[in-house]
Amino acid sequence: MVMSGLTGPVAQAQTPLRWAADASADVPYTFHDLKDQSRLTGFEYDLMQELGRHLNTPMQFVQNDWDGLIPGLQRNLYEMVICGIEITPEHTEGVDFSTPYYVTSERIVVRRGGPVFQGVTDLKGHTVGTIKATQAERILADYPEVRVRTYEEETNVFMDLVNGRTDAVLLDGPIAQYYGATNPALEVVGDPIGRVSYGIAFAKGKNAELRQKVDTALAAMIQDGSLHAVLARWNLWTPEMAAFTKDKTQPDIAPTEWQHYTDALQGASSWQARFWRYVGFLPLLAKGAVLTLLVSLCAMVLAVALGLTLALVRLYGPQKLAAIAALYVEVVRGTPLLIQILLIFYGLPQFGINLSPFLAGVIGLGLNYAAYEAENYRAGLQSVARGQMEAALALNMTHVQALRYVVVPQAFRLVMPVMTNDFISLLKDSSLVSVITLTELTQTYIRLSSTYFDYFGTGLMVGGAYLLLGLPFVRLARIAEKKLAQPHTRRK
């Protein structure tokens, strides 16, 4: 999706600058509008559009999972990452940062009517939730008496607080404001804690010229007040930002985006609003289902072909090839599928092999399931009576012909139920391709449930989608089983 930053032939002729974020659950940074899921919004999204205007360059957004943002930057999938990434000594070892574009502090959020904590020392003896690998987590680590729980998603942090699993939350100011202050069951308490600076990340040691241009554009945005205007619309202009930018002006800018967000939250509580919201989810779920099905089918074709080859090589091939096939099966079965997918997508480019996300997902799933299919087929081949092969050879068939026309079809009939189970498992495991920028069903669920704090209704819809995807193939497998079993079925 190319975001409009300029008009006219000059802008169209320019190569867009690619920037990445995880828009699946990233309020208020970059996220999908609650009233229109096809529209991206957020203060960082608006900031990047303003940055594109100052650079006189169109901007192109690239979605990636949070854990894949920096690996994708190093893989040159995009030039920049902006996703509330804190400028810390640890982070600067892996990436280069622009000058800060936002300065904030940590805030404490508690249940309304519960204990009020003024500072971190008051949290001793309590269970506190936060996001992993953040400044807040590092602050809490200095207090051993605090029981810390870390999470991947902001929504999970606040859900546990609402449900009483934690006593407080310590997170960055924008997150506390948009998740805590908007929830009637929660409130932000105490004084600001520490200092957090966000920067735009660039690949380490690369794009120095672009980074310099971005720094110049950010300085211009501070000078002309456009950065102030963006933050004011999102109700995120703070005393920390005024001190950092030395901008003491108070322009008459209404917090329109903040109001739009809070109105959308309040308007989504009735059952009628929920019903129409679920109806609006259907196109997104359909799109995710198509991608899930396409990836799964292609991967299963690869798994069946390679698995059968491995099984035949192990049983009938030369000893060295059989040993290699056995080693492949053991290595693939003994390592996590997620690691294999990440290795294929992010590791192979170091050797000059750049695969698209779709192709990397298909290959990763296919190679993994081929190991399991190989063992299924090997068991099926071994279960065919030895006399079948001998009879085929006695009929003057070659060894290859005997396998093709006699042994393999019988083995295939035996393993058909297991293949069906494996395909259903592969269909669900396809959710792992979300880590390489593919937005399939599970990633769609994460995005919708995190945006609306609705895990139950959205979960039922996504679970139903997976069920509907798998049922036709179960039916087809049963029909195939009956066809293959006809010679072995007693006629009435």
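Residues numbered from 1 in each chain as written. Predicted model: local features only at pLDDT ≥ 70, side-chain atom pairs only at ≥ 80, totals over all residues. Heavy atoms only, no water.

*Asks:* Give a description of the overall build of the protein chain that names residues and reports values.
*Replies:* From N to C terminus, the protein chain includes 19 helices and 13 strands. Viewed in the frame of its principal axes, the protein chain has a C-alpha envelope of about 95 × 50 × 50 Å. Every one of the 492 residues in the protein chain was classed for burial, and the buried ones make up 49%. Excluding contacts between residues fewer than 6 apart, the proportion of contacts in the protein chain whose partners are at least 24 apart in sequence is 73%. For the protein chain, the computed accessible surface area is about 23600 Å², with 59% contributed by carbon and sulfur atoms. Treating the 41 positive side-chain charges of the protein chain as one cloud and the 44 negative ones as another, the clouds have centres 13 Å apart. (Helix = DSSP H or I, 4+ residues; strand = E, 2+ residues; numbered from the N terminus. Buried < 20%, exposed > 50% of the residue type's maximum accessible area, 1.4 Å probe, protein only. Contact = heavy atoms within 4.5 Å. Areas by Shrake-Rupley, 256 points an atom, 1.4 Å probe, with all protein chains shown as cover. Lys, Arg positive; Asp, Glu negative; His and termini not counted. Charge placed at Lys NZ, Arg CZ, Asp CG, Glu CD.)

*Asks:* Lay out the packing of aromatic side chains with the relevant residues and their values.
*Replies:* Considering all chains together, one arrives at 16 aromatic pairs under this definition. Taking 5.4 Å as the distance between ring centres and 50° as the angle between the ring planes, the aromatic pair formed by tyrosine 29 and phenylalanine 43 counts as tilted. You can see tyrosine 29 sitting in the loop between strand S2 (17-21) and strand S3 (31-33) and its partner phenylalanine 43 sitting in helix H2 (residues 43-55), a full 14 residues away along the chain. The exposure class of phenylalanine 43 is buried, given its relative accessible area of 0%. (Phe/Tyr/Trp six-rings, centres within 6.5 Å; stacked < 30°, edge-to-face > 60°.)

*Asks:* If you had to explain the environment of alanine 322 to someone new, which residues and values would you point to?
*Replies:* In this structure, alanine 322 sits in helix H13 (residues 319-333). Leaving out residues up to four positions away in the same chain, alanine 322 has contacts with Val313 and Arg314.

*Asks:* Which residues make up helix H6 (residues 154-162), and what are the values?
*Replies:* Buried within H6 we find Glu154, Thr155, Val157, Phe158, Asp160 and Leu161. The positive-phi residue at the C-terminal boundary of H6 is glycine 164, with phi of around 80°.

*Asks:* A description of the pairing of strand S9 (residues 127-131) should follow, citing residues and the corresponding values.
*Replies:* Counted residue by residue, S9 has five buried out of five residues, so it is predominantly covered. Burial along S9 is two-sided: Thr127, Gly129 and Ile131 facing one way and Val128 and Thr130 facing the other are all buried. As paired strands, S9 and strand S10 (residues 147-151) are joined by five bridges and run parallel to one another. Looking at the pairing, glycine 129 lines up with arginine 149 of S10. (Pairing = 2+ DSSP bridges.)

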